Every structure is written in structure tokens, then in C-alpha cells.
Amino acid sequence: MLSGRIWSLILGMLRLLASIAARTTPRGRRRVADRVARLPALRSRRQAHSRCLQLALPDGVLRSNGETDASAIAVTRHVEWVLELLAEIGGHRHRVEDRTAGMWGATSRGRLVVTTHHGNWIVGARALVERLGPIHTVAGVQLRGGWSDSVADHLARQGVHLTDVFGLRRTLRAGGTVVLHLDGQTGPHRGRSHPIGVVAAARLAVWERPEIFAARCVLAGPGSFVLEGVPLGLAQRGEEGDVPSTFSSWEHRFTRLLQDWVAGDPGGWMLFSPRHLAFAEVGR
């Protein structure tokens, strides 16, 4: 266990960095990200991202040099994302153009919103709260292990509540909003033929039959984002014998959506954990 003094130092460092990031201009944060991303210590992250691209995309979608370029961009973008998150914690609010107005409609069902690690999902979550009210999601370590609780507290104050898969089910049953990363680590679903996040989203779709949407908060320029999305429809349970095929159809649909998004913006895809895509090891 860390002593109270060490915890105070850790949290004090977080507050200091957040304050500095909030006072730095978006272009200044980008210049910092460009420099940091060139450090030799981050070479392993570029390699991990390249492996993620190989696992996520069908063969031949990206040539080797395309993977290399995209991975370098992704590492830079992720450093910038960290600075954006720190700035948000420090009180800065990034501009978001919400293009989802009118998409959501009125519903007595819960809403399941699937997304990916593109753009800035923290800024996007805040924009979704402004549109839909509180949202619930799952998340691993944020920034650093010692900072995760403080990040979770910040998110909760913004209306973004972290829970587990059981909490997500309760939220949907109560008519609330759940956001789930299709490329995220959302549970111990191993040995599947689809990404772990895809499996979790398909299960929620079939188990709880919510309204389903796809949305991302994509980068429009330094410090500026666009919230965009499309409705995917209503999950239907059908007869008991139809449940597996319905589950399978959502797995395939979510996987195709993930691949389309990644292929469309491979450098903007900030995933560096190939284990999230364990499905792709099958048959390779």
C-alpha cells in the first residue's frame, strides 16, 4: 500500500500537469506530442499499433509502409490525446460540433452506443452526456494506475460513470445509455472468433434489446472535434431458437463496422493492445 504522502505527491503531480495542459494552446499541445512521439522509448508502441492493424484488417488492406506511417501518426495522436485529457481535467473544454441532433429520437428502451478508440472518446462522452444525460461505460487504467481514481472522479462529475458489464445491463434495463468500445477490453471473453468488445456489445444487444447506435468523436483540428453517428436499429430477440443467429449477426455487423472505421482512419485509431483483438489470431 502506498503511504498517504506518496498518494498526495501522485495526485499533486496530476493536478499540476492538468493545470499546465489546460493553459497550453491546442497547437502547443500538438507540438509537444510531435516531439514526445519521436522518443525511442515509444518505438514499442508503434510496433504494437502496427500489430493491431494487422489483426484488425483483412490481408492487403494496408501495405507494410502504410502500417508504419499510420502507427507513427497513432502514437503522436495518443500523446496529444493524453494532453487533451489532462487539459479537460484542468478545466479546459474542447469544442465539439454535435452532428447527432435528431438521430437519437425518443425511446423507452435503453440505448447502446458503440464506438472505437478514434478521436477523443472522453470529449465525446462529455458531448453525449449533454445530448442524452448520464452515460455508463467500462474502462481500464486511465493515464497511470495511481491516477485512475481521480480520472474516474472527473468523469463522474461530467456524467460519465464507470462500471462493469453487469452494471451496463442494469443501466440498459432501466432505460439508460451505455457506451461500449468495440475494440476495448470489456470482459474475460476469450477464445472467440470476434474482438472481445464486439462480443460484449453483441451480448448486450441480444440480452437487453436496446436501441443501438454507432458514434465517434473525431478530430476536426487542433482542439476541435465532431461528434458523428448513425442509428443501427433495434435488437430483436425473436424465438428462443433464433437467439444464437441474432447474436452472430450482431457480432458480424459490429466487426465489420470496426474494420471499416479502422481502414478509413488507421492513423487516428489509438489501440496499442493486440490482446483486445485476440479473435484475429484464429486461422493466422
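Computed from a predicted structure; not experimentally measured.

Section: the overall build of the protein
(1) Moving on: Counting secondary structure elements, the protein contains 9 helices and 7 strands.
(2) Moving on: Put simply, of all contacts in the protein between residues at least 6 apart along the chain, 77% involve residues at least 24 apart.
(3) Moving on: As presented, the protein carries roughly 13,600 Å² of accessible surface, and 52% of it is formed by carbon and sulfur atoms.

A closer look at helix α5 (residues 121-132)
(1) Moving on: In this model α5 runs 15 Å from its N-terminal to its C-terminal C-alpha over 12 residues, within 8% of the 16 Å that 1.5 Å per residue would give.
(2) Moving on: Within α5, the full set of buried residues consists of W121, I122, V123, G124, A125, R126, A127, L128, V129 and L132.
(3) Moving on: Immediately beyond the C-terminal end of α5, within one or two residues, lies G133, with a positive phi of roughly 95 degrees.

Some details on the packing of aromatic side chains
Two descriptors summarise a pair of aromatic rings, namely the distance from one centre to the other and the angle between the planes of the rings.
(1) Moving on: Using the criterion set out here, one finds 3 aromatic pairs in the structure.
(2) Moving on: Note on W104 and F213: the rings are 4.7 Å apart at their centroids and 55 degrees apart in plane angle, and the pair reads as tilted. Placement of W104 in the loop between β1 (95-98) and β2 (111-115) and of F213 in strand β6 (residues 211-221) is noted, with a sequence separation of 109 residues between them.
(3) Moving on: Overall, the relative accessible area of 7% leaves W104 in the buried class.
(4) Moving on: Sitting above the plane of the F272 ring, R45 keeps its charged end 4.1 Å from the centroid.

What about helix α8 (residues 196-208)?
(1) Moving on: A rise of 1.5 Å per residue sets the reference length of α8, with its 13 residues, at 18 Å; its end C-alpha atoms lie 18 Å apart and thus fit the reference within 8%.
(2) Moving on: Here α8 lies mainly inside the structure; 11 of its 13 residues are buried.
(3) Moving on: Just downstream of α8, R209 is the residue with a positive phi angle, here 50 degrees.

Re a nonpolar patch on the surface
(1) Moving on: Where nonpolar side chains cluster on the molecular surface, the patch consists of M13, L16, L17 and I20 and spans about 330 Å² of accessible area.
(2) Moving on: Within the secondary structure layout, L17 lies in helix α1 (residues 4-23).

Notes on the pattern of salt bridges
(1) Moving on: The tally for this structure, following the rule as stated, stands at 12 salt bridges.
(2) Moving on: The partner of R99 in a salt bridge is E97, and the shortest N-O contact between them spans 3.1 Å.
(3) Moving on: Residue classification places E97 among the partly exposed positions, given a relative accessible area of 43%.
(4) Moving on: Put simply, R30, R77, E80 and E84 are held in one network by salt bridges that share partners.

Examining the pairing of β2
(1) Moving on: In terms of burial, β2 is largely enclosed, as 5 of its 5 residues are buried.
(2) Moving on: On β2, burial covers both faces: R111, V113 and T115 on one face and L112 and V114 on the other are all buried.
(3) Moving on: Across 5 bridges, the pairing between β2 and strand β5 (residues 177-181) is parallel. Across the sheet, the residue bridging to T115 is H181, located in β5.
(4) Moving on: Judged from the 4 bridges that link them, β2 and β6 form a sheet pairing that is parallel. Directly across from R111, in β6, lies its bridge partner E211.

Parameters and conventions
Every chain begins its residue count from 1, and numbering advances along the sequence as written. Where local features are concerned, this predicted model is filtered to residues with pLDDT of at least 70; where side-chain atom pairs are given and counted, the filter is 80 or more; whole-chain, interface and lining totals use all residues. Processing note: side-chain calculations cover all non-hydrogen atoms of the structure and skip hydrogens and water entirely. Secondary structure elements follow DSSP: runs of H or I of four or more residues count as helices, runs of E of two or more count as strands, with numbering from the N terminus. What makes two residues a contact is simply this: any of their non-hydrogen atoms within 4.5 Å. We get accessible surface area from the Shrake-Rupley algorithm with a probe of 1.4 Å; when it comes to residues, only the shown protein chains can shield them. Helix span, as expected, comes to 1.5 Å for every residue beyond the first. Whether a residue is buried, partly exposed or exposed follows from its accessible area with a 1.4 Å probe, protein chains only, as a fraction of its type maximum: under 20%, in between, or over 50%, in that order. To pair, rings of Phe, Tyr and Trp, with the six-membered ring standing in for Trp, must have centres within 6.5 Å; the planes then decide the type, stacked if under 30 degrees apart, edge-to-face if over 60, and tilted in the middle. The rule is short: NZ of Lys or CZ of Arg within 6 Å of the ring centre and within 35 degrees of the ring normal puts a charge over the ring. A patch is a set of surface residues, each over 30% in relative accessible area and not in a salt bridge, joined within 9 Å for like charges and within 5 Å for the nonpolar side chains Val, Leu, Ile, Met, Phe, Trp and Tyr. Any Lys or Arg side-chain nitrogen located within 4 Å of an Asp or Glu carboxyl oxygen qualifies as a salt bridge. The criterion for strand pairing is that DSSP finds at least two bridges linking the strands in question.

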